[in-house]
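Take a look at the letters that make up each chain.
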Amino acid sequence: MRCSLQALLASRELELSELGYHGGRQRVTAWLDSSLPSRRLPQRGYCPWGTPNTTSISCSLADVMSEQLAKELQLEEENAAFPEVVAVAEGPFITGENIDTSSDLMLAQMLQMEFDREYDAQLRREEKKINGDSKVSISFENYRKVHPYDSDSSEDEVDWQDTRHDPYRADKPTTTPRRGFIGKGKDITTKHDEVVCGRKNTARMENFAPEFQVGDGIGMDLKLSNQVFNALKQHAYSEERRSARLHEKKEHSTAEKAVDPKTRLLLYKMVNAGMLETITGCISTGKESVVFHAYGGKSATEDKVIPPECAIKVFKTTLNEFKNRDKYIKDDYRFKDRFSKLNPRKIIRMWAEKEMHNLTRMQNAGIPCPQVVILKKHVLVMSFIGKDQIPAPKLKDVTLSSEDMKKAYYQTLNMMQQLYRECNLVHADLSEYNMLWHDGKVWLIDVSQSVEPTHPHGLEFLFRDCRNVAQFFQKGGVAEALNERELFNAVSGLNISADNEVDFQAEIEALEKMNEDHVQNHGKKLSTFSSDGDPPIYDE
Ligand code: ADP
Ligand code: MG
């Protein structure tokens with residue numbers, strides 16, 4: 001049937017061109033509708049007396065032909081008018097049996113689709129206009145006319161997943177396949193898919209700080225655009241920082257309160273006695289201490305010179321913070337007898353005392369460190385490392401040239417050895433946080449927790465110090481820096497041969513145990529761990 005129709009159509013086209021047709025659907029259909037049947041049929045030998053030919057096409061060949069022609073011409077026009085739309089429509093619709101779908105229906109569908117797209121685009125523009133830079137957006141999603149052509153199975157899949165999504169459970173990490181999309185052929189969904197992205201963004205709101213109010217959004221099927229989500233995220237982070245600052249301020253105020261009336265009286269007395277000229281302000285507030293800067297005054301005794309600038313370390317009288325530091329002091333034989341008898345307030349004084357003793361030892365050994373001025377209860381006054389109220393920067397905060405870095409490294413190594421050998425001390429909190437860079441050299445501070453090497457955990461503390469120091473200088477680009485095990489041996493003079501950290505630490509602990517057993521048996525500690533005399537001194 002189709003073949004014959006096409007053959008007929010070919011001849012029909014010839015005739016049409018004879019009759020002066022040169023294209024244009026309206027013109028052709030108008031012409032076909034009105035003039036053709038009446039004018040043409042009589043010319044084909046139409047006989048009013050003969051029996052009707054039942055085999056011939058009853059609905060008039062011309063009609064069939066004209067319909068077919070109209071279809072073809074229509075398609076031609078459509079191709080010219082909507083090239084890309086036709087390409088889209090061709091896939092699902094003009095295949096197999098669908099080939100006979102009426103062109104008018106298709107045209108109507110295509111026009112509808114175009115209309116819907118324009119409508120959706122307009123909605124999107126309006127949505128954008130209304131939302132602007134606002135942090136909360138409204139969505140016209142429900143008003144969109146997503147044409148059936150546009151919806152695909154992958155979207156349904158997402159819907160199904162989402163209805164089962166528990167908003168109170170952490171999001172499973174989405175596994176984006178390596179190829180970057182899900183689905184097949186035309187039904188692919190990439191990670192950039194607007195809906196998928198929107199839902200992911202909504203789920204990610206869970207990661208914001210708990211105090212950041214996100215409303216009920218997480219429980220709904222909200223789709224946050226990237227723009228809105230990023231704005232929210234930014235806001236959440238800045239809020240977090242702001243609240244952290246506020247919190248810090250609060251902390252600060254409690255630290256100020258650490259200067260309780262008794263402490264204030266102590267400080268006042270120092271100023272009143274002329275020992276300090278003025279206390280200018282706070283340099284640092286830590287968990288366990290508050291450090292103030294002060295200008296030095298005149299000394300009551302002539303043999304003691306008060307430095308022009310002083311640091312006042314006030315050990316906090318808030319007791320519970322010192323609890324976790326017990327291990328440093330209660331096993332330190334220097335304080336052992338007193339420790340058990342003291343009330344917590346007095347233990348805090350002991351920290352200050354400990355720092356003073358350790359600083360004095362270091363001072364005597366010539367290690368650069370603050371010089372002790374006076375100790376009054378839990379307030380330790382020492383010389384200020386820095387100038388004009390500006391404290392020297394910590395090693396972690398200062399950018400050193402590679403030459404200075406190398407110099408700092410050898411000096412630190414030297415100081416650690418001196419501390420161990422001459423002062424019989426292990427810093428026990430040595431790191432770039434407790435080393436200041438001043439006058440082209442490293443100064444050690446914060447030695448209240450320092451212990452003697454024979455302390456039950458002394459060697460462990462030393463190993464920890466060595467690790468901090470080795471890591472800092474190795475990261476700082478000092479090629480010569482020893483690793484933590486080499487550094488430990490170099491400082492302690494012990495020759496622990498283990499070549500891995502676990503064995504090394506096991507040996508350290510065995511040594512400590514040996515020392516403890518010795519104390520148990522002989523009632524006193526070994527004088528030193530050093531097995532082969534003094535540790536070698538490393539110097540440039
Ligand atoms: P904490 O136990 O709180 O770490 P530190 O002794 O380390 O106490 O002091 C805290 C901070 O105060 C240091 O990091 C340093 O910046 C400053 N500081 C302490 N002592 C001095 C000092 N003598 N001279 C200058 N700054 C000091
Ligand atoms: Mg410190």
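Residues numbered from 1 in each chain as written. Chains lettered and ligands numbered in written order. Predicted model: local features only at pLDDT ≥ 70, side-chain atom pairs only at ≥ 80, totals over all residues. Heavy atoms only, no water.

Notes on the pairing of strand β6 (residues 372-376)
- Both β6 and strand β7 (residues 379-383) contribute to a ladder of four bridges, which runs antiparallel. Residue pairing across strands places K376 opposite V379, the latter belonging to β7.
- A loop of two residues connects β6 with β7, the two strands running antiparallel in sequence, and K377 in this loop sits at a positive phi of about 50 degrees. (Pairing = 2+ DSSP bridges. Helix = DSSP H or I, 4+ residues; strand = E, 2+ residues; numbered from the N terminus.)

Description of the coordination of the magnesium ion (ligand 2)
- The coordination sphere of the magnesium ion (ligand 2) contains the protein donors N434 (OD1) and D446 (OD), at a distance range of 2.2 to 2.3 Å. Of this pair, N434 sits in the loop between α13 (402-421) and β10 (435-438) while D446 sits in the loop between β11 (441-444) and α14 (458-475), placing them 12 residues apart in sequence.
- In this structure N434 comes out as buried when scored by relative accessible area, which is 8%. (Donors = N, O, S within 2.8 Å, 3.2 Å for Na, K, Ca; no water. Buried < 20%, exposed > 50% of the residue type's maximum accessible area, 1.4 Å probe, protein only.)

A word on the sheet that holds strand β3 (residues 276-285)
- One open sheet accounts for five strands, arranged β3-β4-β5-β7-β6; its pairing is antiparallel. Each having just a single partner strand, β3 and β6 make up the two edges of the open sheet. Going across the sheet, the axis of each strand differs from the next one's by a mean of 20 degrees, ignoring polarity.
- Sheet topology places strand β5 (residues 309-315) next to β7; five bridges connect them, and they run antiparallel. Following the sheet pairing, A311 is matched in β7 by M382. (Axes fitted to C-alpha atoms, helices over the stretch in contact; angles between N-to-C directions.)

With respect to the pattern of salt bridges
- Applying the stated rule across the entire model yields nine salt bridges.
- Note that K313 is salt-bridged to D446, the shortest N-O span being 3.1 Å. Here D446 lies in the loop between β11 and α14 and K313 lies in strand β5, a separation of 133 residues in the sequence.
- The partner of K513 in a salt bridge is D517, with the nearest N and O atoms 3.4 Å apart. Highlighted residues: K513 and D517, both in helix α16 (residues 501-522), separated by four residues, approximately one helical turn.
- For K513, a relative accessible area of 52% gives the class exposed.
- By relative accessible area, which is 35% here, D517 ends up partly exposed.
- Three or more residues are tied together by salt bridges with common partners; here these are K313, E355 and D446. (Salt bridge = Lys/Arg side-chain N within 4 Å of Asp/Glu carboxyl O.)

A look at the packing of aromatic side chains
- For the structure on display, the rule yields eight aromatic pairs.
- Residues F463 and F504 carry aromatic rings whose centres are separated by 5.2 Å and whose planes lie at 25 degrees to one another, so their mutual orientation is stacked. Taken as a pair, F463 in helix α14 and F504 in helix α16 lie far apart in primary sequence, 41 residues in all.
- Look at F504 and you get buried, because its relative accessible area is 0%.
- Three or more aromatic residues joined by ring pairs make a cluster, and in this case those are Y409, Y410, F472 and F473. (Phe/Tyr/Trp six-rings, centres within 6.5 Å; stacked < 30°, edge-to-face > 60°.)

Some words on a positive patch on the surface
- On the surface, K262, K269, R345, K346, R349, K376 and K377 cluster together to form a positively charged patch.
- Along the chain, K346 falls in helix α12 (residues 344-365). (Patch = residues over 30% accessible without salt bridge, like charges linked within 9 Å, V, L, I, M, F, W, Y side chains within 5 Å. Areas by Shrake-Rupley, 256 points an atom, 1.4 Å probe, with all protein chains shown as cover. Lys, Arg positive; Asp, Glu negative; His and termini not counted. Charge placed at Lys NZ, Arg CZ, Asp CG, Glu CD.)

A short note on the packing of α14 against α16
- Here α14 crosses α16 at 150 degrees, and the two axes come no closer than 8 Å. Considering the angle they form, α14 stands roughly antiparallel to α16. Of the residues in α16, those touching α14 at G458, L459, E460, F463 and R467 are E501, F504, Q505, I508, E509, L511 and E512.
- Across the contact of α14 with α16, the residue classes tally to five nonpolar, two polar and five charged. (Parallel < 35°, antiparallel > 145°, perpendicular 65-115°, else oblique. Contact = heavy atoms within 4.5 Å. Nonpolar A, V, L, I, M, F, W, Y, C, P; charged D, E, K, R; others polar.)

What to know about the site of ligand 1
- Taken together, the neighbourhood of ligand 1 is formed by 16 residues, with K313, S383, I385, K394 and D446 sitting nearest.
- In the environment of ligand 1, an oxygen atom lies 3.1 Å from a nitrogen or oxygen atom belonging to the side chain of N434.
- Note that an oxygen atom of ligand 1 is positioned 2.9 Å from one of the side-chain N or O atoms of D446.
- For ligand 1, whose unbound accessible area comes to 540 Å², protein coverage reaches 90%.
- For the shell around ligand 1, the elements supplying multiple residues, two or more each, are β4 (289-296), β5 and β7.
- When the residues that make up the shell around ligand 1 are grouped by side-chain class, the tally is eight nonpolar, five polar and three charged.
- Each of two domains, domain 2 (258-391) and domain 3 (393-523), supplies a minimum of three residues to the shell around ligand 1. (Near = heavy atom within 4 Å. Polar contact = N/O pair within 3.5 Å; in protein donor to acceptor, adjacent residues only side chain to side chain. Domains from an automatic or database assignment.)

Points about unusual backbone geometry
- The phi dihedral of K377 is positive, around 50 degrees, even though this residue is not glycine.
- Relative to the elements of secondary structure, K377 occurs in the loop between β6 and β7.
- Here D439, not a glycine, exhibits a phi torsion of approximately 55 degrees, which is positive.
- Checked against the element boundaries, D439 lands in the loop between β10 and β11.

Describing the environment of V314
- Summarising the element assignment, V314 is placed in strand β5.
- Considering only alpha carbons, one finds V314 and V379, 65 residues apart in sequence, at a separation of 4.6 Å.
- Those residues in contact with V314 that lie beyond four places of it in its chain are T263, E288, S289, V290, F292, H378 and V379.

So, α14
- Taking 1.5 Å of rise per residue, the 18 residues of α14 would be expected to cover 26 Å, and the 26 Å separating its terminal C-alpha atoms lies within 8% of that figure.
- G458, L459, F461, L462, F463, D465, C466, V469, A470, F472 and F473 are the residues of α14 that are buried. (Expected span 1.5 Å × (residues − 1).)

A word on a nonpolar patch on the surface
- A contiguous nonpolar patch, built from F115, Y119 and Y143 and spanning about 340 Å² of accessible area, is present on the exposed surface.
- Looking at the secondary structure, you find Y143 in the loop between α5 (103-131) and α6 (153-163).

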